[in-house]
Structures are given as C-alpha cells and as structure tokens.
Amino acid sequence: MSNAVMIFSAMIFTTLIVASNYLVQFPLNDFFTYGALTYPFTFLLADILAERYTRKEVLKVVRIGILFAFIPSMLLAEFRIAIASVSAFFISQQADVYAFYWIKAKLPKIWWLRSAGSTAFSQFIDTMIFFHIAFLFVMPWQNVLMLMLGDYVMKFIFAFANTPLFYLFGIKMQKLFGVFAR
C-alpha cells in the first residue's frame, strides 16, 4: 500500500469515526441514533482495502484512524462516548479484518459474503461493546437494549446494502482500472 493510499484511507476512517461519535449522541427515535447511519461505512472501507491489500496493511490503516480520531472525538463527544467508541472500534474493526480474510480464504469465490458476513459479525461485537460502555449506567437498561437492537438492525441492513458498493469499489474498479495501485 502506498503512503498516499494509507494516509487518505486513515483520513476517511478518522472523519467517519469522529462524525459517528458526535452523531451517536442524538437518537433519531427510540431504536437508533444518527451515528448508525455513518459508522457502517468504516467497515465498508476496511473491506474495500482488505480486498486489495494485506491484513497487516489494513490493520495499520485502522489503527491510525483510531489514533487520529481519539482527540477530536474527545472534543466533540462526551468522554464516555469517546472511550466507548474507541474501545468498540478498536476491537470490532480488527475482528472485521480477521473475519474478512478468514472468509476469503475459506470461500474465495463468494465475494459478497466476505464483506457482508464479516461486517455483520463485527458490527454485532461493536454494538455490544459500544452501548454497554456508553449508556449502560447512564440510562435505563430497557432503553439501552432498544437502542442496541435498533442500532444493530440498521448496521445489519447496511452490511448487506453496502454489498453493491463493495463490489463496485472493492472488486470491479480495482480489476478494471487499477484504482488502488500498490
């Protein structure tokens, strides 16, 4: 991976994480927050990168994104939100990358499953970690549970809805145009 691709990808990660950390503070309704609309794109980006680059390179981009998102998140979001987000992102994004490569090795021809499956799996982990740290002792358990369920349902839908974007940017454009040159 070139330095330019690494820096650009890390900047996108950072922007998406910070935006999501800010937006998660605002419930859209009783079932999910605005952060649920932006956060799934971090997993899509990791999957697109994982289709072309090594696990080590993708994990480096993810870790840089986390590092650079921490301070802005602390400034824009409450402390517990920033800590919950960084913790959840750190664990779930790595789970996503490992799951992606595992599925790709076991079922290399089923391209849609490596993206949607790894994302659905890792976003479940993300949702559990984030909502427990961010809201468990701040609001009633029933409210936290409803937000977790609604948030995960949105993330699950996005995991599969992003499949055409993964195909376009992760597979098709790389083959046709060599979009992400090494």
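The shown structure was predicted, so the numbers you read here are calculated from the model rather than taken from an experiment.

**Student:** Even after reading the chapter, I still don't get the overall build of the protein, so can you show me in this structure?
**Tutor:** Secondary structure summary: the protein contains 8 helices and 0 strands in total. Written out in order from the N terminus, the α and β elements of the protein read α-α-α-α-α-α-α-α. For the protein, the C-alpha radius of gyration of 16 Å lies close to 16 Å, the compact-globule estimate for 182 residues. Reported as C-alpha extents along the three principal axes, the dimensions of the protein are approximately 50 × 30 × 25 Å. Evaluated residue by residue, the protein yields a buried proportion of 49% over its 182 residues.

**Student:** How should the nonpolar core be read in this particular structure?
**Tutor:** The tendency in soluble globular proteins is for nonpolar side chains to be buried as a group. If you look at the biggest cluster of nonpolar residues, it comprises 28 residues, and the most contacted ones within it are Met-1, Phe-13, Leu-49, Val-58 and Phe-89. At the level of secondary structure, the elements contributing two or more residues to this core comprise α1 (3-23), α3 (40-52), α4 (55-76), α5 (79-106) and α8 (163-177). For this core, the leading source of residues is α3, giving 7 residues. Dropping the residues within four chain positions of it, Leu-49 is found in contact with Met-1, Val-5, Ser-9, Phe-13, Val-58 and Val-61. With 13 residues, the next largest nonpolar core counts Ala-88, Ala-134, Phe-135 and Val-144 among its residues.

Rules and cut-offs
Residues numbered from 1 in each chain as written. Predicted model: local features only at pLDDT ≥ 70, side-chain atom pairs only at ≥ 80, totals over all residues. Heavy atoms only, no water. Helix = DSSP H or I, 4+ residues; strand = E, 2+ residues; numbered from the N terminus. Rg over C-alpha atoms; globule rule 2.2 N^0.38 Å. Buried < 20%, exposed > 50% of the residue type's maximum accessible area, 1.4 Å probe, protein only. Core = buried A, V, L, I, M, F, W, Y, C linked by side-chain atoms within 4.5 Å. Contact = heavy atoms within 4.5 Å.

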